[in-house]
There are 2 protein chains.
Amino acid sequence: MDVTCDLNAQATIEDCRREMAAQAARHGHTIHLAQGSPVYFNGDPAREVYCVQKGALRLSRLLCDGRRQILSFAFPGEVIGLAHDGTHHTDCEVLNDAVLSVLPTGRFAAIAHADPALASAMLRLAAQEMHDMQGHLVLLGQKSAIERLASFLALLGGRAGAASAGWVCFDLPMSRTDIGDYLGMSVETVSRAMTRLRVAGLVHLPRPDRVCLSDLAALTGFAEGEAPAPARYAA
Amino acid sequence: MDVTCDLNAQATIEDCRREMAAQAARHGHTIHLAQGSPVYFNGDPAREVYCVQKGALRLSRLLCDGRRQILSFAFPGEVIGLAHDGTHHTDCEVLNDAVLSVLPTGRFAAIAHADPALASAMLRLAAQEMHDMQGHLVLLGQKSAIERLASFLALLGGRAGAASAGWVCFDLPMSRTDIGDYLGMSVETVSRAMTRLRVAGLVHLPRPDRVCLSDLAALTGFAEGEAPAPARYAA
DNA sequence: CGGGCAATTGAGTGATGTCAACGAGGGTGG
DNA sequence: CCACCCTCGTTGACATCACTCAATTGCCCG
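Residues numbered from 1 in each chain as written. Chains lettered and ligands numbered in written order. Predicted model: local features only at pLDDT ≥ 70, side-chain atom pairs only at ≥ 80, totals over all residues. Heavy atoms only, no water.

Structural alignment of chain A on chain B gives an RMSD of 0.0 Å, achieved by rotating through 180 degrees and translating 0.0 Å along the axis. One copy is carried onto the other by what is essentially a two-fold rotation axis. (Least-squares fit on C-alpha atoms with pLDDT ≥ 70 in both.)

What follows is the structure, given as structure tokens:
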């Protein structure tokens, strides 16, 4: 499902995020959470929605036997906590020390009811989120290990330094284990793929938790399968 | 992102679907499409939203080199075509001869603006869809081939015969290739997994395109990793 | 009856998971 | 301040699951 709100077709996604953040700031309150804190767990009643102001969150789901899939990492500007049935079906934890705007679900619904612009913005954000999830599905279903990691780094790189033509550098707030659980592969495979990307010259790692990209476009192209997948990572 | 609309917290997802379908029927028009027809392609302007009344649709995304990921199959009651930026980023085609309610995007937005209940219902449907996609992410990222197929058949079985305790039977409107592209595995692996489930007694196949489940709960349990994955399919 | 497509099955290969060892960094306690 | 330990990341060796290539069967349709 993809959705357009023609009402504010001129508005950017960023505008929608700001709209949500402004409403949350006005009608809700702000909390600070330390690294590792849970925001909510699977099964908790969904009483609040959250706008990330600072830091990063990790949303995940577990299988009975402990396998974990990370569904997304939430960065500043993103909204989380909407549930279709009043209950959370994911775990949400703080990666980095985080600042969140908290808006009780009921109040959110009331405001959205009174203000079509907010409902519209929220719908737009939901559509954007679904689009991102579709990319994640393609990644997990079709891409090789090295393409998955390239996609992930390109995604983060795009967030970090959208327009800059030169080097794009950013920190990784999550562990290799988290990356593995996001990309559907083992820690060891993440590490090996990282090494291959480094050797191929597509990424530079000043520290294990810091990434520098000399050519984001090349990395993105590789991640999207422009080069025949098997041939490229012979390097 | 999970979202609750407390406004109509008592309303079921089905109610939301009916609400959307009713609005689409009142303000839009109805079309019939033959098997194999495209509804829209990646890159097309998102001018309309669609409610599936009859038949089944296939939403997919392609990589440059032809790899295809099927994002979802849409069945009666589901709404598709919402886009975050006015453009479709998926291909949508008809699996079965289908009947769709078509509602121009602009008119949808206008109605949603005037009627908070519709906006609320749509947001609810979006949250449900995100929940389903999360399940798909877990499937692709964490499950073995046989667990993936079991999950898929259990999902369809749940749709087909929700409450019935006895046998649940249904037709598969899609090919093995489609199933493979949905589950992120090759046709051959789909076929082998199907054979293993059949031999294990979890499914019965009167015809290749018809499935009968004697114990939906057992299949679901297996699909969710209740039994240690490797041990179970020794049978 | 013959052709073509879909599904299944077999054989062999290859990518990724598992198990294990090693080194680096950071925190704690002596 | 230093020593120790624990965790994280990396790398190697090996096992295994799933993919590729290939052949066969059955069905639908001409």
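Lining the immediate surroundings of DNA strand D are 15 residues, of which A:Arg176, A:Arg192, A:Thr195, B:Ala145 and B:Thr189 lie closest. Within 4 Å of the protein, atoms of DNA strand D come from sugar and phosphate in 64% of cases. A distance of 2.7 Å is found between a phosphate oxygen of DNA strand D and a backbone nitrogen or oxygen belonging to B:Ala145. Between DNA strand D and B:Thr189, the relevant distance is 2.4 Å, taken from a phosphate oxygen to a side-chain nitrogen or oxygen of the residue. With 5 residues, the top contributor of residues to the surface near DNA strand D is helix 6 (residues 187-199) of chain A. Grouping the amino acids of the surface near DNA strand D by side-chain chemistry returns 2 nonpolar, 7 polar and 6 charged. (Near = heavy atom within 4 Å. Polar contact = N/O pair within 3.5 Å; in protein donor to acceptor, adjacent residues only side chain to side chain. Helix = DSSP H or I, 4+ residues; strand = E, 2+ residues; numbered from the N terminus. Nonpolar A, V, L, I, M, F, W, Y, C, P; charged D, E, K, R; others polar.)

In terms of burial, helix 5 (residues 176-183) of chain B is largely enclosed, as 6 of its 8 residues are buried. Along helix 5 of chain B, the positions that sit buried rather than exposed are B:Asp178, B:Ile179, B:Gly180, B:Asp181, B:Tyr182 and B:Leu183. Along its buried surface, helix 5 of chain B packs onto helix 3 (116-142) of chain A together with strand 4 (57-62), strand 5 (68-74), helix 3 (116-142), helix 4 (145-160) and helix 6 (187-199) of chain B. Positioned one or two residues after helix 5 of chain B, B:Gly184 has a phi angle of 70 degrees, which is positive. (Buried < 20%, exposed > 50% of the residue type's maximum accessible area, 1.4 Å probe, protein only. Contact = heavy atoms within 4.5 Å.)

Attention now goes to the confidence of the model for chain A. Residue and element names in this part refer to chain A. With 90% of its residues at a pLDDT of 70 or more, chain A has an overall mean of 91. Segment residues 2-7 is flagged for pLDDT under 50; beyond a separation of four residues in sequence, or across chains, it makes 31 contacts in the model. Segment residues 229-235: pLDDT under 50, and 8 contacts once partners within four positions in sequence are set aside and those in other chains are kept. (pLDDT = per-residue confidence, 0-100.)

Residue and element names in this part refer to chain B. Here Lys-143 shows up in the loop between helix 3 and helix 4. Among the residues examined, Lys-143 registers a relative accessible area of 7% and is labelled buried. For Lys-143, the side chain forms a polar contact with the main-chain oxygen of Ala-223, separated by 3.1 Å.

Now for the interface of chain A and chain B. Opposite the 63 residues of chain A that make contact, chain B presents 63 residues. Taken together, the connections running from chain A to chain B amount to 2 salt bridges. With a closest N to O distance of 2.9 Å, A:Glu147 and B:Arg67 form a salt bridge. Those elements giving two or more residues to the side of chain A that touches chain B turn out to be strand 4 (57-62), strand 5 (68-74), strand 6 (79-80), helix 2 (105-114) and helix 3 of chain A. Top contributing element to the side of chain A that touches chain B by residue count: helix 3 of chain A, with 21 residues. In the side of chain A that touches chain B, the residues fall into 29 nonpolar, 21 polar and 13 charged. (Salt bridge = Lys/Arg side-chain N within 4 Å of Asp/Glu carboxyl O.)

Take the sheet that holds strand 11 (residues 210-213) of chain B next. Residues and elements named next belong to chain B. Read from one edge to the other, the open sheet built from 3 strands follows the order 9-11-10, with strand pairing classed as antiparallel. Edge strands, defined here as strands with exactly one partner in the open sheet, are strand 9 (168-171) and strand 10 (204-207). Put simply, the sheet's adjacent strands are angled 20 degrees from each other on average, direction ignored. Pairing analysis gives 2 bridges linking strand 10 to strand 11, with the strands arranged antiparallel. Note that in strand 11 the partner of His-204 across the bridge is Cys-212. (Pairing = 2+ DSSP bridges. Axes fitted to C-alpha atoms, helices over the stretch in contact; angles between N-to-C directions.)

What follows is about the sheet that holds strand 10 (residues 204-207) of chain A. Residue and element names in this part refer to chain A. Strand order in this open sheet of 3 strands is 9-11-10, and the pairing throughout is antiparallel. Strands at the two margins of the open sheet, each flanked by one partner only, are strand 9 (168-171) and strand 10. Between one strand and the next, the sheet's axes are offset by a mean angle of 20 degrees, whatever the strand orientation. Sheet analysis places strand 9 next to strand 11 (residues 210-213), joined by 4 bridges and oriented antiparallel.

Right, let's get into the domain arrangement of chain A. Residues and elements named next belong to chain A. According to the domain assignment, chain A contains domain 1 (6-139) and domain 2 (143-232). Distance between the C-alpha centres of domain 1 and domain 2: 25 Å. Counting residues at the interface gives 14 residues for domain 1, matched by 14 residues for domain 2. Buried surface at the junction of domain 1 and domain 2, summed over both partners, amounts to about 1200 Å²; 61% is from carbon and sulfur atoms. (Domains from an automatic or database assignment. Buried area = accessible area lost by both parts, 1.4 Å probe.)

Let us now look at the state of the cysteines. All names here are of chain A. This model, assessed by the stated rule, comprises 2 disulfides over all chains. The disulfide that involves Cys-169 links it to Cys-212, with 2.4 Å between the sulfurs. Disulfide Cys-169-Cys-212: torsion about the S-S bond near 115 degrees, hence right-handed. Of the two residues, Cys-169 is situated in strand 9 and Cys-212 in strand 11; the sequence distance between them amounts to 43 residues. Note on Cys-92: no disulfide assigned, nearest cysteine sulfur contributed by Cys-51 at a separation of 13 Å. By relative accessible area, Cys-92 is classed as buried at 0%. (Disulfide = S-S within 2.5 Å.)

Turning next to the protein's contact with DNA strand C. Close to DNA strand C lie 15 residues, the nearest being A:Ala145, A:Thr189, B:Arg176, B:Ser191 and B:Thr195. The share of sugar and phosphate among atoms of DNA strand C within 4 Å of the protein is 59%. At a separation of 3.2 Å, a phosphate oxygen of DNA strand C approaches a polar side-chain atom of A:Ser186. Here a base oxygen of DNA strand C sits 2.9 Å away from a polar atom, N or O, in the side chain of A:Arg192.

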